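This is what each chain is made of:
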Number of protein chains: 2
Amino acid sequence: MTTSVDALRARLAEITDLTRTAGLLSWDQQTMMPPRGSGARAEEMATLQRVLHERATHPELGRLLDAAGVEVDVADLDDVDAALVRVGRRDHEKAVRVPADLSADLARAAAHGHEAWTRAREADDFGAFLPSLERNLELAGRYAACFPEAATPYDALLDDYEPGATAAELDARFGEIRAGLVPLIAAIAHREPREEGPLRDDYPADAQRAFVWRVISALGADDAAWRLDESVHPFSAGLAQGDIRVTTRCRPGHLGPALFSTIHEFGHGLYEHNVAPELDRTPLADGASLGIHESQSRLWENIIGRSEPFCRWLLPRAAEAFPDALDGVEVAAFHAAANRVAPSLIRVEADEATYPLHIVLRFGLERDLLEGRLAARDLPAAWNAGMADLLGVEVESDRHGVLQDVHWAEGAIGYFPTYLLGSAISAQLWQSLAADVPDVEARIAAGDFAPVRDWLREHVHRHGRKLLPGELLERATGRPLDVAPYLDYLRDKYARLYDLDSDAVAAEA
Amino acid sequence: MTTSVDALRARLAEITDLTRTAGLLSWDQQTMMPPRGSGARAEEMATLQRVLHERATHPELGRLLDAAGVEVDVADLDDVDAALVRVGRRDHEKAVRVPADLSADLARAAAHGHEAWTRAREADDFGAFLPSLERNLELAGRYAACFPEAATPYDALLDDYEPGATAAELDARFGEIRAGLVPLIAAIAHREPREEGPLRDDYPADAQRAFVWRVISALGADDAAWRLDESVHPFSAGLAQGDIRVTTRCRPGHLGPALFSTIHEFGHGLYEHNVAPELDRTPLADGASLGIHESQSRLWENIIGRSEPFCRWLLPRAAEAFPDALDGVEVAAFHAAANRVAPSLIRVEADEATYPLHIVLRFGLERDLLEGRLAARDLPAAWNAGMADLLGVEVESDRHGVLQDVHWAEGAIGYFPTYLLGSAISAQLWQSLAADVPDVEARIAAGDFAPVRDWLREHVHRHGRKLLPGELLERATGRPLDVAPYLDYLRDKYARLYDLDSDAVAAEA
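Residues numbered from 1 in each chain as written. Chains lettered and ligands numbered in written order. Predicted model: local features only at pLDDT ≥ 70, side-chain atom pairs only at ≥ 80, totals over all residues. Heavy atoms only, no water.

1. Some details on the sheet that holds strand β2 (residues 236–240) of chain A
Within a sheet, neighbouring strands are paired by backbone hydrogen bonds and run either parallel or antiparallel to one another.
Residues and elements named next belong to chain A.
And step 1. Strand order in the open sheet formed by three strands is β1-β3-β2, with mixed pairing between adjacent strands. Each edge of the sheet is formed by a strand with only one pairing partner; in this case those strands are β1 (226–230) and β2. Averaged over all neighbouring strand pairs, the angle between strand axes comes to 20°, with direction disregarded.
And step 2. The sheet contact formed by β1 and strand β3 (residues 243–248) spans five bridges and is parallel. By the bridge assignment, Leu 228 is partnered in β3 with Val 246.
And step 3. Running at roughly 150° to β1, helix α9 (residues 205–219) makes contact with β1 and β3 of the sheet. (Pairing = 2+ DSSP bridges. Helix = DSSP H or I, 4+ residues; strand = E, 2+ residues; numbered from the N terminus. Axes fitted to C-alpha atoms, helices over the stretch in contact; angles between N-to-C directions. Contact = heavy atoms within 4.5 Å.)

So this is what it looks like as structure tokens:
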């Protein structure tokens, strides 16, 4: 006899197939599609979104969710069927609030916005992007209005990326982080600047691409289930557990951006690759939230990728690939270069100490834009003022300013704070991981990344979307979100690298 | 006021978007997808096919077709709306015959079949492919049974590729062609064999790929709207008029396969690229039939690509790309090598004289398979016997025999005859083109392909699917299908290349 749970599974499997298909349309747009395909692609995305919306809002799905809810113990966090009902209901109840036309309009505008942004960024012409931004903001406002119970329109958007989070809570957390970082950055600024030298040399783009693939292969990617391509903005697309696609952007003469962004995207990819197979072809085969997702990418990129033990493992391999640039370079110099603190213009290339301030800027601006306190046409001026205020740097072109990120172009408003949230979560997870794997630094230095992968699979990856982010974090670390490990990690790291008095820095905060 | 035609257009546009999306799933599967993505991809294809089937069979679509049919003069072959009603009705009436589950099963089996075939071909193991072939045949039989009015099950399948064609008519045409070719091939066999030399040399795969892109760029491809990739079996995917993707397969040491198959796929791509913009995002933005489609690919590949004037244009460019292989080679030797007649194992690499016999073999075998006169497990033996009988060659491995083509793996049964039909049509079209463009040979030798593109756009491409293949051919050439120009073209060509007495060869037929 077919149960309601079976019937529910079949419906959710179709939704998963269509969601993955939409993921391919987007991946292809950013990596493979010839430019003149963009108009047709926007229509395809809108139509597929319309179909997805029909499926997600179908009354029969609601009926099956109710019926299946009786067959399972919905409160059981370990049961897959129970999670299917919980997550399926949450998705369904959100989807039914949004009119079908709005849903299709959002998808179409995202595709057009991506295209307009690509061109505007290339031409360094914010004006060419402005109409798309205004359209995205208008649609985001209409979308937020579908959820009038949210405390603010912004909270309604944020919930899609970080279920249950609110701007007010993030404000408080980000305030703690900022208060801790300002004295740290000031203390570093008083020290002699570190050399970026070893990471800036003759690094041809083709050789970089081959090298970063070699690096993530050592971390755990393989060509049976992964690909690496290039795109304007690096991203990761988990099209299926056996089909993980990460992209990179190689800058000739500059190894850091490709190296660390590829390790970052590997972290995202590994998460979706290692979701428990029993969750495959369900809405649970995804990350718990973007904050948790970013914790994975930032953990690999920074806590591992910029660590001294990792540099020890990496440097001989890098020197083999780029002997002219790296022969004779010491691990300490490479490690220092990989962690050089210097306020700068580009978020994805920022050091760990100043990175959070890039997020604080965007978090403030996107709330102001959405809630009408800032007009889109005034965004470049507000951006540049914010960069001067927060980071003390002057933005000389929109290309290196407000046009640098793809998110707003695709209508992703409410996404940015998850980067900083993820950074904080990564340190909290790492604290638990390091306690469970006491020799983790030695293992990393030896190129043995299995203990890290195993711990993350067990405590984070395998759960997919079964648990809410807070539930997952509690289970993995024994407590709710706490930014102290993140600040401790940064203070400790930079105290060593810049010979700071770690206690003094903490006391100033 | 919204008319029924407007409403019909909106529905057909959605179907077009989804069809194009299915095209991307398939292109990606064959070019980009990591192997372990195959299971998920098969489900995605099946689900998308189910959605397409729902849309294509929707009762509201039937109602709109009836209502729109009153608003237009359906018999008007020049009116786009009339064509939309005609073609839309034909597609709808076929779709409603096919159960939704069968439609999804066909898509899923095609994806699985493609995967099994790829592995079986690599391992030269027909047994590993047999279950997929049997499954595809079973499903094809069930599909054919949805159209009991067809004279034979095979005719029901053929109609999807060549509307209105029947196996009996094709048998008659193919009989004429075979009767004309047998004495021609025999006469050639009595002549001294031509050297394949210039086309077999040190041709590295990477350099081939760059070169064939340069060639089709000169013919009319550009990177704003086209891409070239590699795949196990070369194919073309017109995802949109501004998004044309062709693939190639480079064999190191052997220039012919990549060169001619890429020109072939360019011909397909150009057809869809040059459909009238007013037909975009409708079911009319496609080829009139596979026979007409193949006429375009075979025209560029053979009538142009293997012609003496084209070789004159090509050789200096090829010699620049491959100086070691081609420095000092004469046009006559290159032209002779490009047209060397020698019965061989691989269809896509066959010369023009023996190519039709490869089709005759497949056409016979697939009818026998479908209509129960041949068991799938006995196919390799039947294949090998047929190759001995028709071409006098011995098949030493299934990889170079029954496993060479992708079509049956994807459930495409009834497709093969369109290649030979297309070859015949290409010669008939060329006769008219050459009459309208008397200096076409000189233009080709000068690398000016615009007159050919313009003639084909005007007489073939721009019509898309507006006209039935017979209507299109009548308009373009003034008469129905006639295989005489094809036989005349081959006799004339080989009479020159092999110093035959052209009249004598014709008289023997």
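2. Brief notes about the packing of aromatic side chains
And step 1. What the rule picks out here adds up to 34 aromatic pairs over all chains.
And step 2. Ring geometry for Phe310(A) versus Phe449(A): centroids 5.9 Å apart, planes at 55°, classification tilted. Here the residue Phe310(A) occupies a position in helix α12 (residues 308–321), and Phe449(A) occupies one in the loop between α18 (440–445) and α19 (450–459), the gap between them amounting to 139 residues.
And step 3. The exposure class assigned to Phe449(A) is buried, which follows from its relative accessible area of 1%.
And step 4. Members of the aromatic cluster, joined through ring pairs, are Tyr161(A), Trp383(A), Trp408(A), Tyr415(A), Phe416(A) and Tyr419(A).
And step 5. Here Arg347(A) stacks its cationic end above the ring of Tyr419(A), 4.4 Å away from the centre of that ring.
And step 6. We note Lys94(B) situated over the ring of Phe147(B); from NZ or CZ to the ring centre the distance is 5.4 Å. (Phe/Tyr/Trp six-rings, centres within 6.5 Å; stacked < 30°, edge-to-face > 60°. Buried < 20%, exposed > 50% of the residue type's maximum accessible area, 1.4 Å probe, protein only. Lys NZ or Arg CZ within 6 Å of the ring centre and 35° of its normal.)

3. Overview of the relation of the copies chain A and chain B
And step 1. Once turned by 180° and shifted 0.1 Å along the axis, chain A lies on chain B with an RMSD of 0.0 Å. In symmetry terms, the pair is related by a two-fold rotation axis.
And step 2. When the interface residues of chain A are mapped onto chain B, 100% of them are again interface residues, pointing to one common binding face. (Least-squares fit on C-alpha atoms with pLDDT ≥ 70 in both.)

4. Quick look at the pattern of salt bridges
And step 1. Summed over all chains, the structure comprises 92 salt bridges over all chains.
And step 2. Measuring nitrogen to oxygen at the nearest pair gives 3.0 Å for the salt bridge that ties Arg9(A) to Asp81(A). Here Asp81(A) lies in helix α4 (residues 80–95) and Arg9(A) lies in helix α1 (residues 4–31), a separation of 72 residues in the sequence.
And step 3. Here Asp81(A) falls in the partly exposed class, since its relative accessible area comes to 22%.
And step 4. Put simply, Asp28(B) and Arg245(A) hold a salt bridge, and the shortest N to O gap is 2.7 Å. Of the two residues, Asp28(B) sits in helix α1 (residues 4–31) while Arg245(A) sits in strand β3, which places them in two different chains. Each member of the pair Asp28(B) and Arg245(A) is classed as buried.
And step 5. Each of Asp17(A), Arg281(A), Glu43(B), Asp105(B), Arg108(B), Arg135(B), Glu138(B) and Arg142(B) takes part in one network of salt bridges that share partners. (Salt bridge = Lys/Arg side-chain N within 4 Å of Asp/Glu carboxyl O.)

5. Here's the deal with the packing of helix α8 (residues 167–189) of chain A against helix α21 (residues 484–497) of chain A
All names here are of chain A.
And step 1. Between α8 and α21, whose axes approach to 10 Å, the crossing angle comes to 5°. Classified by the interaxial angle, the pair formed by α8 and α21 is roughly parallel. Of the residues in α21, those in contact with Glu 176, Ile 177, Gly 180, Leu 181, Leu 184 and Ile 188 of α8 are Tyr 486, Leu 487, Leu 490, Arg 491 and Tyr 494.
And step 2. Looking at the contact of α8 with α21, its residues break down into eight nonpolar, one polar and two charged. (Parallel < 35°, antiparallel > 145°, perpendicular 65-115°, else oblique. Nonpolar A, V, L, I, M, F, W, Y, C, P; charged D, E, K, R; others polar.)

6. Looking at helix α10 (residues 255–273) of chain A
And step 1. The end-to-end C-alpha distance of α10(A) is 26 Å, a good match for the 27 Å that 19 residues give at a rise of 1.5 Å each.
And step 2. Judged by how many residues are buried, α10(A) sits mostly within the fold: 19 of 19 residues are covered. (Expected span 1.5 Å × (residues − 1).)

7. Quick word on helix α19 (residues 450–459) of chain B
And step 1. Taken residue by residue, α19(B) has Pro451(B), Val452(B), Arg453(B), Trp455(B) and Leu456(B) as its buried positions.
And step 2. As for α19(B), its buried residues are in contact with α9 (205–219), α10 (255–273), α11 (290–304), α17 (417–436), α18 (440–445) and α20 (469–477) of chain B.

8. Overview of the sheet that holds strand β1 (residues 226–230) of chain B
Residue and element names in this part refer to chain B.
And step 1. With respect to topology, three strands assemble into an open sheet ordered β1-β3-β2, the strand pairing being mixed. Strands at the two margins of the open sheet, each flanked by one partner only, are β1 and β2 (236–240). Across the sheet, the mean angle separating the axes of adjacent strands is 20° when strand polarity is ignored.
And step 2. The sheet contact formed by β2 and strand β3 (residues 243–248) spans four bridges and is antiparallel. In the sheet register, Ala 237 faces β3, and the bridge partner there is Arg 245.
And step 3. With respect to the sheet, α10 is in contact with β1, β2 and β3, its orientation differing from that of β3 by roughly 165°.

9. Digging into the interface of chain A and chain B
And step 1. On the chain B side, the residues contacting the 38 residues of chain A number 38 residues.
And step 2. Interface area for chain A against chain B, summed over the two sides, is near 3,000 Å², with a carbon-plus-sulfur share of 58%.
And step 3. At the surface where chain A touches chain B, the tally comes to ten salt bridges.
And step 4. Note that Arg281(B) and Glu43(A) form a salt bridge whose closest N and O atoms lie 3.4 Å from each other.
And step 5. Along the contact surface separating chain A from chain B lie 16 residue pairs in polar contact (both at pLDDT 80 or more).
And step 6. Secondary-structure elements contributing two or more residues to the side of chain A that touches chain B are α1, α2 (38–57), β1, β2 and β3 of chain A.
And step 7. When the residues that make up the side of chain A that touches chain B are grouped by side-chain class, the tally is 16 nonpolar, six polar and 16 charged. (Buried area = accessible area lost by both parts, 1.4 Å probe. Polar contact = N/O pair within 3.5 Å; in protein donor to acceptor, adjacent residues only side chain to side chain.)

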